[in-house]
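# Breakdown of the fold
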Amino acid sequence: MSVAAASEAAPRRGISRSDLLDKAALETALDDGCEAGPLREALGKAQARLDERYLANCPIREIVAARTWLVDELLRIIWRRLPWPNPEQIGLLATGGYGRGELLPYSDIDLLVLTRRSRQDAAMRDCMARFTALLWDIGLDVGQSARSIRQCKSAARKDLTIATSLMETRTLAGPERLRSEMMAATGPDSIWPAAKFLRAKREEQVARHEKCQDVDYALEPNVKISPGGLRDIQTIVWVAKRHCGADSFRSMRQLGFLTRAEHVMLRRGQHFLWKLRYGMHMLEGRREDRLRFDLQRSLARIFDYPDDRESLGVEKLMQQYYRAVGNLRGLNDILLQYLDEAIVHGGRRDTVIELNRRFRIRNGYLEAKSGRVFARTPSALLEAFVLLANEPRIEGIRASTIRLLREQRKLIDEDFRNDLRNVSLFMELLRSPHQMVKQLRRMARYGILGRYLPEFGKIMGQMQHDLFHIYTVDAHTLQVLQNMRRFASPEATAELPLVAKLYKSLPKIVLLYVAGLYHDIAKGRGGDHSMLGMIDAERFCRRHRLSAWDGKLVSWLVENHLLMSMTAQRKDIDDPEVIDEFARAVGDKLHLDYLYLLTVADIRATNPELWNSWRAALLLALYMNTRRALRLGLENPRERGGRIRDKKASARKFLQAAGIGRHDRSAIWQLMSDEYFIRESVDNICWHTRVICEHDGAAPLVSLRELSENAPEGATLAFVWARDADYLFANSAVAFERLGLNVQGARIFTFASGWCANTWAVLEANGNPVGSNAARIGEIRAVLARHLENPGQRMRDPEFHRSRRKEAFGQRVDVTLLNSQGKNHSTLEVNCPDQPGILARVGEVFAEFGIDLQDARITTLGERAEDLFFITDSSTGTAGPLLDTAKAEALKQRIRSALAVR
């Protein structure tokens, strides 16, 4: 059925014309004039009825067709009431999306006033001005042009967009012959032949996808132009129409360009995207094509997706979206390639290279030798991708073969999965040298990977509704594997030398790939995804005939894939007890090497903003400290006094070489505590001692350690030496806010002598250390010193505004406090919306409650801040006391109040 016919028929089936628009009553209300009021009222009432039908879950195709019919009729009424000169020589045409009959509440109304003559007289210009003004007055967003047939041809020859728009025209008023003549003048026999049109449209699509970072899993996708969106569907139809005149999915199927399954997939995908886009327009009261976070939640409620213990309703909606656009993008690739083979390469002599009895290479693309290949040899469903991964001469898969793969993927069942030939082929793929991850992505897109690994199929399109996880779980998983492959590149050797060295030294790299493939496989099921994923990994290893030892290693990696990142970011990795505990969990250097590489690949694939020099340094320091502990042995860890003596001895040698005498050094160290020497590094002890010795004592000391002096740290360290005061921590945090520096961590020491030694790790807003820029270092010192001139008085927070994306998420503030057995401090965890001033406000509450801060771990994950503070209660007057229950509850409540989003 043509678009025009659908526009006429749909209202009759589901939406009554008379219920939508009473044309006779409208004509009476207008009388002999053409006032905007009655027209605007009729349009508003009709749209309200369409919205009611939408909320009642009426089929979206009927609603879209009804909206098109409604606008058609209003335009015809207006057109007939204007005194057009020579009406037999003028036509009103719907073009573009309106021409296709795809009108949503606030879609553009694209119109063409088509004339036979190029010249327009005053009467014609006056009618056009009145017509356009009236359309705007009644609330229609009109895009209108006026051209003669000759002008249409000239404009279309120069502009692909105009040529495309003119392909999708319908006559609303005036003689149909004008449109027929225009279509002939702008058709492929005259301008833009099919081959040239296809190349231009493919280039246009590539450029459009690049603007969307070429991903179909954006957090806030544009349902119209994102990869897999409505524009990709339209591109298929445009090219087919240019080539053979097909103007609908049905006609494409009749001409053999679509299979039945592809026809169904396109139609369902289009209707789903229409349904989303209609709801977005309705909710916003304007044209809106970006599926923002707030709209996602509203639409999930409208579509009745429930929250449950496994996932949120909005996550279910977005999984359906990501799966739909993933399918549509894959289908777009197939059909454009098929059309390319038919249009561009049709008639050319083929270059054919025989590979085996099942496959050959035709013009650089893998081709099945017959339509029965997969039915006769189901293992060929995996063999195709193994050939791609081992044969660099193959550029891709021919469209006909992709279709066969998609049609025959149903052959992948439990018997197929357990067949030794197939498990061997899949392991061969994981060991292959040529673009292994690209082949896994192809398998996922064509529906093969999700059939072969059903557990992977469950995570396809799955997302987490936050700003931290910017990829769907399946996309993240494959990106982890891509990161692992990049560890072998020259770039990795320069950027991550230890990672690159360890990667090349692993005895079995494929075990790392399997762990990466399964580390998040159980997300979205409820429960601990690490434990559930471990069970799936064990089954995979048994099915793929890995040895018992290899299977245990992979399962251990999946179960513990968060252990290293959590230890590095949430614990004091200079504390020997922390290192000893982590080393015992790891057990040996081989497990440590595998876990380190998995952790780096995982973090870098979660969110580009998450990986920075500070996190890299934390992981590196944890790796080196643990490797040292494993080498020395875990049976006899050094006792506390021995560790202090060792650190002092090492620092003493450096300070003597720097010209700092025993008397000066001892005077400074007497002001400090044993805890300082336990938790601080030798490098920092030497730095602190040296700058304190050189300080004149007139004001709080502020010193920055340049990256060039301390490269392994991965961040700029700011050291503050000052007398203890209530707002020393809070005012320091305010200073960093004003400087635009992001705090990564803070090590706080308050000594019995009344002095404080605070070391802050900071990064610039771009994620890099400050470096050796003298002007910037001077600015930081000056601002910090000014804010610490009177640490007994609280400095005012700078004013900032949260971004729209962060505002879209919840405002909940979670505060927990834990007193761990054997620890002389309490651990306070604050999880709240990311906003400026968090540290300063927490510091203010600490001062109010008489809390001493020992250490802090500062983490921002998307829209949330997850900060850890290690604290003691200084008000009791005893060394290292924990908070009692009553004070802990009061403290938590006060912090919640202080951090309530303003």
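Below: a short report on this structure. (Residues numbered from 1 in each chain as written. Predicted model: local features only at pLDDT ≥ 70, side-chain atom pairs only at ≥ 80, totals over all residues. Heavy atoms only, no water.)

Strands sit in the order E5-E6-E7-E8 across an open sheet of 4 strands; the sheet is mixed. Of all the strands in the sheet, the pair left with one neighbour each is strand E5 (352-354) and strand E8 (396-397). Relative to strand E7 (residues 365-368), strand E6 (residues 359-362) runs antiparallel, the two being bridged by 4 bridges. Its bridge partner lying in E7, Arg362 is registered against Tyr365. Helix H18 (residues 380-390) rests against E6, E7 and E8 of the sheet, and its axis sits at about 45 degrees to E6. (Pairing = 2+ DSSP bridges. Helix = DSSP H or I, 4+ residues; strand = E, 2+ residues; numbered from the N terminus. Contact = heavy atoms within 4.5 Å. Axes fitted to C-alpha atoms, helices over the stretch in contact; angles between N-to-C directions.)

Here the focus is the packing of aromatic side chains. Here the structure, examined in full by the defined rule, presents 26 aromatic pairs. Judged by centre distance (5.5 Å) and plane angle (90 degrees), the ring pair of Trp79 and Phe131 falls under edge-to-face. One end of the pair, Trp79, is in helix H5 (residues 60-80); the other, Phe131, is in helix H7 (residues 122-137), and 52 residues separate them in sequence. On the accessibility criterion, Phe131 (0% relative accessible area) is buried. Relative to Phe751, the ring of Tyr676 has its centre 5.9 Å away and its plane inclined at 85 degrees; by these criteria the two rings are edge-to-face. Of the two residues, Tyr676 sits in helix H37 (residues 674-679) while Phe751 sits in the loop between strand E11 (742-750) and strand E12 (755-763), which places them 75 residues apart along the sequence. An aromatic cluster of at least three residues, connected via ring pairs, comprises Trp669, Tyr676, Phe677, Trp721, Phe749, Phe751 and Trp755. Over the face of the ring belonging to Tyr452 we find Arg543, whose NZ or CZ atom lies 5.2 Å from the ring centre. (Phe/Tyr/Trp six-rings, centres within 6.5 Å; stacked < 30°, edge-to-face > 60°. Buried < 20%, exposed > 50% of the residue type's maximum accessible area, 1.4 Å probe, protein only. Lys NZ or Arg CZ within 6 Å of the ring centre and 35° of its normal.)

What follows deals with the state of the cysteines. Under the definition given, this model contains 0 disulfides. Here Cys686 is not cross-linked by a disulfide; its sulfur's nearest cysteine counterpart is in Cys693, at 13 Å. (Disulfide = S-S within 2.5 Å.)

Let's shift gears to the side chain of Asp575. Relative to the helices and strands, Asp575 is located in the loop between helix H31 (563-570) and helix H32 (576-586). Engagement of the side chain of Asp575 in a polar contact is seen with the backbone nitrogen of Glu577, the distance being 2.9 Å. (Polar contact = N/O pair within 3.5 Å; in protein donor to acceptor, adjacent residues only side chain to side chain.)

Now for the nonpolar core. Phe426, Leu440 and Phe456 are the most contacted members of the largest nonpolar core, which totals 129 residues. Core analysis: the second largest hydrophobic core is formed by 114 residues, Ile109, Met124, Ile233 and Phe249 among them. (Core = buried A, V, L, I, M, F, W, Y, C linked by side-chain atoms within 4.5 Å.)

The next subject is the pattern of salt bridges. Summed over all chains, the structure comprises 58 salt bridges. For the salt bridge of Glu367 with Arg360, the shortest nitrogen-to-oxygen distance reads 2.7 Å. Residue Lys887 pairs with Asp873 through a salt bridge whose shortest N-O separation is 3.0 Å. You can see Lys887 sitting in helix H43 (residues 885-898) and its partner Asp873 sitting in strand E17 (residues 864-873), a full 14 residues away along the chain. Comparing Lys887 with Asp873 shows no difference in burial state: the two are buried. (Salt bridge = Lys/Arg side-chain N within 4 Å of Asp/Glu carboxyl O.)

What follows concerns the packing of helix H39 (residues 728-739) against helix H40 (residues 774-787). Running from amino to carboxyl end, H39 crosses H40 at an angle of 145 degrees, the nearest separation of the two axes being 9 Å. The two elements H39 and H40 cross, and the hand of that crossing is right-handed. Of the residues in H40, those touching H39 at Asn731, Ser732, Val734, Ala735, Phe736, Arg738 and Leu739 are Arg776, Glu779, Ile780, Val783, Leu784 and His787. When grouped by side-chain class, the residues that make up the contact of H39 with H40 number 7 nonpolar, 3 polar and 3 charged. (Left-handed = near helix turned anticlockwise from the far one by under 90°. Nonpolar A, V, L, I, M, F, W, Y, C, P; charged D, E, K, R; others polar.)

Taken in spatial order, the 4 strands of this open sheet run E3-E2-E1-E4, and their pairing is mixed. Every interior strand has two partners, whereas the edge strands, strand E3 (142-148) and strand E4 (170-173), have only one. When the angles between neighbouring strand axes are averaged without regard to direction, this sheet yields 30 degrees. Bridging between strand E2 (residues 109-115) and E3 involves 7 bridges; their strand directions are parallel. Considered in E3, the bridge of Thr115 is made with Ser148. Against the sheet, helix H10 (residues 176-185) makes contact with strand E1 (90-94), E2 and E4, and its axis sits at roughly 70 degrees relative to E1, the strand it touches most.

This brings us to the pairing of E7. Connecting E6 to the antiparallel partner E7 that follows it, the hairpin turn spans 2 residues, and Asn363 within it adopts a positive phi of roughly 55 degrees. Judged from the 2 bridges that link them, E7 and E8 form a sheet pairing that is parallel. Residue pairing in the sheet places Leu366 in a bridge with Ile397 of E8.

Moving on to unusual backbone geometry. Leave glycine aside and you will find that most residues have negative phi; peptide bonds, for their part, are mostly trans. Although it is not a glycine, Gln213 adopts a positive phi angle of roughly 60 degrees. Among the structural elements, Gln213 can be located in the loop between helix H11 (194-211) and helix H12 (230-244). Residue Arg545 is not a glycine yet carries a positive backbone phi of 60 degrees. By the secondary structure assignment, Arg545 is in the loop between helix H29 (529-543) and helix H30 (548-559).

With respect to the element layout, Arg894 can be found in helix H43. With a relative accessible area of 28%, Arg894 lands in the partly exposed category. As a C-alpha pair, Arg894 and Val845 span 49 residues in sequence and 7.1 Å in three-dimensional space. With sequence-adjacent residues up to four places away left out, Arg894 is seen in contact with Val845, Glu848 and Phe849.

The values reported here are purely geometric and, on their own, carry no functional implication.
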